[in-house]
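A closer look at the structure
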Amino acid sequence: MSYVIEMLNITKRFPGIIANDNVTLQIEKGEIHALLGENGAGKSTLMSVLFGLYQPEEGMIKVNGNEVKIKNPNDANELKIGMVHQHFKLVHNYSVVENIMLGREETKYGFISKENASAKIKALSEQYKLRIDPNALIQDITVGMQQRVEILKMLYRDADILIFDEPTAVLTPQEIEELMKIMEDLRKEGKSIILITHKLNEIKMVADRCTVLRKGKYIGTVDVKKTSVDQLAEMMVGRKVNFTLDKVDKKPLEQILEVKNVYHHNILLKKDDLTNVSFDVKAGEIVVVAGIEGNGQTQLAEVITGLKQAKSGSVTLDGKEITQLTIRQKTLSGISHIPEDRHKFGLVLDFNLAENLVLQSYFEPRFQQHGFLKFDEINQEAERLIETYDVRSANGRKTKVRSMSGGNQQKAIVARELSRDSKLVVAVQPTRGLDVGAIEYIHKQLIRLRDENKAILVFSLELDEVMNLADRILVMYEGEIVANLDAKKTNENELGLYMSGSKRGNNV
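What you see is a predicted model; the values in this text were computed from it and never measured. (Residues numbered from 1 in each chain as written. Predicted model: local features only at pLDDT ≥ 70, side-chain atom pairs only at ≥ 80, totals over all residues. Heavy atoms only, no water.)

Here we take up the overall build of the protein chain. Scanning the protein chain from terminus to terminus reveals 17 helices and 24 strands. Expected size for 508 residues packed as a compact globule is a radius of gyration near 23 Å; at 24 Å, the protein chain falls within 12% of this value. With the principal axes as the frame, the protein chain shows a C-alpha extent of 70 × 50 × 50 Å. By residue count, 53% of the 508 residues in the protein chain fall in the buried class. Contacts spanning at least 24 positions in sequence make up 67% of the contacts within the protein chain whose residues lie at least 6 apart. Counting only carbon and sulfur atoms, one obtains 49% of the accessible surface of the protein chain, whose full area is about 23200 Å². Side chains of the protein chain carry 69 positive and 71 negative charges; the gap between the two charge centres is 1 Å. (Helix = DSSP H or I, 4+ residues; strand = E, 2+ residues; numbered from the N terminus. Rg over C-alpha atoms; globule rule 2.2 N^0.38 Å. Buried < 20%, exposed > 50% of the residue type's maximum accessible area, 1.4 Å probe, protein only. Contact = heavy atoms within 4.5 Å. Areas by Shrake-Rupley, 256 points an atom, 1.4 Å probe, with all protein chains shown as cover. Lys, Arg positive; Asp, Glu negative; His and termini not counted. Charge placed at Lys NZ, Arg CZ, Asp CG, Glu CD.)

Next comes the structure, spelled out in C-alpha cells:
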C-alpha cells in the first residue's frame, strides 16, 4: 500500500504532558481520513507536527514514500500540505484576496499587484463551488465564509493534502452540509483530506477510514462503513456513552425569568433584530431556544445577560426588574452565563486556569481581604473544579488558558458558571466544540441543576441537543419567537418548518 502521508511512531512532549505518545497515522491518496479523539487527546498537536508548527522528539514523517523534515509551515506548503486551523488565522481588516495571497504576494513596479491573485482565486472558487466576494473585508463576512477563505488559501498554494481542524465547530447545520459537499468535491479532484473532529455523525457522512487517539495514545484505525457510532464513541472515550439522556418528568415551579416586549436595535444594520420578544422560564425547567443562526438568538442572550441594552421592553429576574443593570449587577443578582464566544466573553486568555475559574467571584470575601487576593483559597477552588469537571491541561491550574484545547477552555467556563449558586443559567451553545463524553457530562449537569429547581435557558443550533435537553422549545425566526412548544409533543421536522419561517405557532 502506498501512502501519501505516513507519520510513524511520533512522540511530542510538553512540560508535564506527553501530547502524542508513539502515534502512527497513515493516509491513502484520495481518501477522507478522520482523526477522532476527546478534547485534549492530541489530535491538533499531531497535525501541528505534520504542518511544521511543532517538532517531534521521536518518530519520522514520510510524504509520498520519502522521509521529510518539516521545520515550519512554509516547508509544509512546499510539500503541498495545507491546514485550516480550528481558530482561523485571518487578518480581520484585510480583504479576502489580501488574506489569501499573504506571504505569496506578487509585485508590479514595486507595488503589490492583486490582478493575478484575484483571477486565480475566482477560478478556484468556481471550480470548487466556494463562491465568495474577493474584495469583502474578513470582519464583514460570516464565520462560514471565513472558513471558505481558509480553504481557498490552501488551494491557492496548490495543496494536495488538506488538514481540517474541527472545521464544523462554529458552523450552522446548513454550512456543515455545504462543507461536506466541498470535501467530497475536493476528494474527487484527487486531494487527500485529514478531518480532525469528535462529531461522530460527520465521520459517518464523509470519512473513509478513521484513526482514534485517546490521552495521546494511538487506539486504532477502522473502516468507517463497517463501524457503528457506538463503537467509535467507545474507542474514543474508553467506555460506553449514553446518547439519550435520563430525564424524569418534572412540574415547573414559580417563574424566575420574564422577558416582556423586548426590542433591540442593530445600529450597523439600521434595523431591529429583536421584535416584541416575550417569554418566561420557570424554576425546574429547561427552555431551549432553537433557530437557524442569525435569527436574533445571540442578541436575545446578550440583552438578558447585559452584553447589550434593549431598546425597549423589560427583563425581570425572580420578581426584580434587571433590564438596565450592568453585567456585574446582573451576574450578582443570580445569572450564570456560558457565552457564545468563549474567547471574547468567556475567558482572559493570558490568565492562568485558576484565575479564569474565579473571574466571577475573586472579589468575594472568601477570595480577597482588603483588596488582596487569597491565592491559597483560589488555588483550592481551582483544583476542586478542575477535578469535578475533568478540565485537562499541561500544567493544571497554572496553565495559561490560551494554550489549552478549545474543548477544555469550554469546560473551564462551564465549571466556573455551573458551580455558582445562581437562580438562572443562560447557556449559549454550551457544548460547542466538545466531544461526546464531555457533552454527556454537561447535559447531565444542566439536568441536575434543573432538578435542583434552577431555571435553565439554553440557546442551541444542534437539533439533537434541542430535542434531548428541552422541556420546552422556543423557536426564533427573524428576531421573533414564532413557536412555544412542548418538547415531548414535537419532532425535528416540525422544528425545521418553524426555523425556516414556513410555519408559525398560535400560542406565542
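For the rest of this paragraph, the subject is the sheet that holds strand β17 (residues 320-321). Consider a sheet: its strands pair through backbone hydrogen bonds, and that pairing is either parallel or antiparallel. Ordered in space as β14-β13-β16-β17, the four strands form an open sheet in which the pairing is antiparallel. At either end of the open sheet lies a strand with only one pairing partner, and these are β14 (271-282) and β17. Alignment of strand β13 (residues 255-266) against strand β16 (residues 312-317), held across five bridges, turns out to be antiparallel. Its bridge partner being in β16, Leu 257 is matched across the sheet by Leu 317. (Pairing = 2+ DSSP bridges.)

It is worth spelling out the layout of surface pockets at this point. Approximately 2000 Å³ is the volume found for the largest pocket. Those elements that provide at least two residues to the lining of the largest pocket are α5 (143-156), β13, β14, α9 (297-305) and α11 (342-346). With five residues, α9 is the single largest residue contributor to the lining of the largest pocket. Of the residues assigned to the lining of the largest pocket, the class counts are 13 nonpolar, 22 polar and 14 charged. If you add up the space inside the second largest pocket, you get close to 1200 Å³. Along its surface, the second largest pocket is lined by 44 residues, and Thr 45, Tyr 54, Ser 403, Met 404 and Ser 405 are the ones closest to its centre. Of all elements in the fold, only β2 (17-28), α1 (43-50) and α14 (406-418) reach the threshold of two or more residues within the lining of the second largest pocket. (1 Å grid on protein atoms, 1.4 Å probe; cavity = no way out; pocket = protein on both sides within 12 Å on 5 of 7 lines; lining within 4 Å. Points joined across faces, edges and corners; volume = space filled by probe spheres on them. Nonpolar A, V, L, I, M, F, W, Y, C, P; charged D, E, K, R; others polar.)

Let us look at helix α13 (residues 375-389). Taking 1.5 Å of rise per residue, 15 residues should cover 21 Å, and α13 covers 21 Å from first to last C-alpha, within 8% of that figure. Looking at the buried positions of α13, the neighbouring elements they touch are α12 (353-357), β20 (372-373), α14 and α15 (436-451). Remark: Asp 390 follows α13 within two positions and exhibits a positive phi of approximately 55°. (Expected span 1.5 Å × (residues − 1).)

Throughout the structure, instances matching the rule amount to one cavity of 30 Å³ or more. In this model, the largest cavity occupies a volume close to 80 Å³. In terms of lining residues, the largest cavity is bounded by Val 289, Glu 293, Gly 294, Gln 297, Thr 298, Glu 340, Val 428, Gln 429, Phe 459, Ser 460 and Leu 461. Partitioning the lining of the largest cavity into residue classes produces four nonpolar, five polar and two charged.

Along its 13 residues, helix α4 (residues 115-127) runs 18 Å from first to last C-alpha, staying within 8% of the 18 Å computed at 1.5 Å per residue. Those residues of α4 that fall on the buried side of the exposure criterion are Ala 117, Ile 121, Leu 124 and Ser 125. Down the axis of α4, the buried set is contained in an arc of 95°. They therefore lie on one face. Exposed residues pointing more than 90 degrees away from the buried face of α4 are listed as Glu 115 and Lys 122. Against α3 (96-101) and α5 lie the buried residues of α4. Two residues or fewer past α4, Lys 129 is found with a positive phi of approximately 55°. (Arc of directions from axis to C-beta.)

Moving on, we get to the packing of α4 against α5. In the contact formed by α4 and α5, the axes pass within 10 Å of each other and the chain directions differ by 110°. Classified by the interaxial angle, the pair formed by α4 and α5 is roughly perpendicular. The handedness of the crossing between α4 and α5 is right-handed. In this structure, α4 contributes Ala 117, Lys 120, Ile 121, Leu 124 and Ser 125 to the contact, and α5 contributes Leu 152, Leu 155 and Tyr 156. Across the contact of α4 with α5, the residue classes tally to six nonpolar, one polar and one charged. (Axes fitted to C-alpha atoms, helices over the stretch in contact; angles between N-to-C directions. Parallel < 35°, antiparallel > 145°, perpendicular 65-115°, else oblique. Left-handed = near helix turned anticlockwise from the far one by under 90°.)

Under the counting rule described, the total for this entry stands at three aromatic pairs. Ring plane angle 75° and centroid distance 5.1 Å describe the contact between Phe 14 and Tyr 54, whose orientation is recorded as edge-to-face. Remark: Tyr 54 occurs in the loop between α1 and β4 (58-63) and Phe 14 occurs in strand β1 (residues 3-14); sequence separation between them is 40 residues. Looking at Tyr 54, the relative accessible area reads 31%, which means it is partly exposed. Centre to centre, the rings of Tyr 362 and Phe 363 are 5.2 Å apart; their planes meet at 80°, and the pair counts as edge-to-face. Look at Tyr 362 and you get partly exposed, because its relative accessible area is 34%. Residue class for Phe 363 comes out partly exposed when judged on its relative accessible area of 22%. (Phe/Tyr/Trp six-rings, centres within 6.5 Å; stacked < 30°, edge-to-face > 60°.)

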